[in-house]
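Chain and residue survey
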Amino acid sequence: MTEPSMPALDAPRKRAIHEWSADERPREKFMTDGGDSLQAAELLAILVGSGNAREDAVTLMQRILADCKGSLRRLGRMSIPELCAYNGIGPAKAVTILAACELGVRHAAEEVDTERLDTSEKIYRFFYPKLRHLAVEEAHVLLLNRNLRFVRSVMIGRGGIDSASVDVRVVLREALVSNAVHVAFCHNHPSGSCRPSPQDDRLTADLKRACEAVRLIFIDHIVLADGCYYSYADEGRL
């Protein structure tokens, strides 16, 4: 991403954040009013600390977020070199920004972990932060207890752009050693299409038969793409 046009050379210098009144400064606002009172750019400004010669940290982060269409998800997908293309962002600040985005992803996944994962939508939301941005396919198994609560999640296959090799025996082994009762399977389609392939159909049938043979309950196979998913259970194909 090329850096957008900077303010004109004769533009007035922006006030540094330490020159702002106390009720304007992001850190002080956070302490008095809580994080909910701050915009995303203000929260990020607290992390990066400073801007550049012509932009304070808040203005710089507003500009970067504007280039991401206001989306923290898009921000989290940027690379370190892309962020460093902005004047005032070096490697340390870029890593800080991306680390904050990753913490947000993990926080969202942690909230799902405490739920009963008893619908396709909940399973999709569990895996979405892990798989949504991948350029290659990954296959994951979700292991649940008798009450459909989280036990473990394990990546069992990683492949190319349009396939990931999966050994059904590995799925069974992970489920049995974890004392799981219910098993769900999920893999992503980097192509953006969530429609299953004939290979996906065959794998689903193999997983269902294998689970039944050892008295595991196979509850779903989710095919995930960015913004959509396909559920074999919802479609009545299990």
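Residues numbered from 1 in each chain as written. Predicted model: local features only at pLDDT ≥ 70, side-chain atom pairs only at ≥ 80, totals over all residues. Heavy atoms only, no water.

A few words on the sheet that holds strand β1 (residues 138-144). Taken in spatial order, the five strands of this open sheet run β2-β1-β3-β4-β5, and their pairing is mixed. Looking at the sheet topology across the chains shown, the edges are occupied by β2 (150-158) and β5 (228-231). Strand-to-strand, the axes of this sheet are offset by a mean angle of 20°, without reference to chain direction. Note: strand β3 (residues 182-188) against strand β4 (residues 217-225), seven bridges, orientation parallel. Looking across to β4, one finds that phenylalanine 185 is bridged to histidine 221. Where helix α7 (residues 120-131) meets the sheet, it contacts β1, β2, β3, β4 and β5, and its direction lies at approximately 50° from that of β4. Seen against the sheet, helix α9 (residues 198-213) touches β3 and β4 and runs at an angle of roughly 160° to β4. (Pairing = 2+ DSSP bridges. Helix = DSSP H or I, 4+ residues; strand = E, 2+ residues; numbered from the N terminus. Axes fitted to C-alpha atoms, helices over the stretch in contact; angles between N-to-C directions. Contact = heavy atoms within 4.5 Å.)

Listed in full, the buried residues belonging to helix α2 (residues 40-48) are Ala41, Glu42, Leu44, Ala45 and Val48. Here the buried residues of α2 occupy an arc of 160° about the axis, which is enough to place them on one side. Once α2 ends, the next one or two residues include glycine 49, with phi positive near 85°. (Buried < 20%, exposed > 50% of the residue type's maximum accessible area, 1.4 Å probe, protein only. Arc of directions from axis to C-beta.)

Most peptide bonds are trans, and most residues other than glycine sit at a negative phi. A positive phi is found at lysine 69, a non-glycine position, where the angle reads about 55°. Backbone geometry places leucine 148, a non-glycine residue, at a positive phi of 60°. Along the chain, leucine 148 turns up in the loop between β1 and β2.

So, on to the pairing of β3. The buried fraction of β3 amounts to seven of the seven residues, a majority that puts the element mostly inside the structure. In β3, alternate side chains face the same way, and those of His182, Ala184, Cys186 and Asn188 on one face and Val183, Phe185 and His187 on the other are all buried. One ladder, built from six bridges, connects β1 with β3; its direction is antiparallel. The residue of β3 that forms the bridge with valine 141 is phenylalanine 185. What joins β3 to β4 is α9, and the crossover it makes is right-handed. (Right-handed = clockwise from strand over helix to strand, strands pointing away.)

Okay, the packing of aromatic side chains next. On inspection of all chains with the given rule, the structure shows five aromatic pairs. For the pair phenylalanine 126 and phenylalanine 127, a centre-to-centre distance of 5.0 Å together with 90° between the ring planes defines the contact as edge-to-face. Of the residues examined, phenylalanine 126 reaches a relative accessible area of 1% and is grouped as buried. Arranged with centres 5.5 Å apart and planes meeting at 40°, the rings of phenylalanine 126 and phenylalanine 150 form a pair that is tilted. Within this pair, whereas phenylalanine 126 is found in helix α7, its partner phenylalanine 150 is found in strand β2, the two being separated by 24 residues in sequence. (Phe/Tyr/Trp six-rings, centres within 6.5 Å; stacked < 30°, edge-to-face > 60°.)

Core analysis: the biggest nonpolar cluster contains 20 residues, and Met61, Ile64, Leu75, Met78, Leu83, Ile89 and Ile97 have the highest contact counts within it. In terms of residue count, the dominant contributor to this core is helix α3 (residues 57-67) (six residues). Not counting chain neighbours up to four residues away, the residues in contact with methionine 61 comprise Ala41, Leu44, Ala45, Val48 and Ile97. (Core = buried A, V, L, I, M, F, W, Y, C linked by side-chain atoms within 4.5 Å.)

Predicted confidence across the protein gives a mean pLDDT of 87, with 85% of residues reaching 70 or more. Across residues 7-11, confidence stays below pLDDT 50; counting only partners more than four residues off in sequence or on other chains, it has three contacts. (pLDDT = per-residue confidence, 0-100.)

Turning next to the side chain of arginine 63. The topology assignment puts arginine 63 in helix α3. A polar side-chain atom of arginine 63 sits 2.7 Å from a polar atom in the side chain of glutamate 55. (Polar contact = N/O pair within 3.5 Å; in protein donor to acceptor, adjacent residues only side chain to side chain.)

The next subject is the side chain of glutamate 174. For glutamate 174, the location among the structural elements is in helix α8 (residues 168-177). With a relative accessible area of 11%, glutamate 174 lands in the buried category. Sequence-distant contacts of glutamate 174, that is, excluding residues within four places in its chain, are made with Leu143, Arg152 and Val154.

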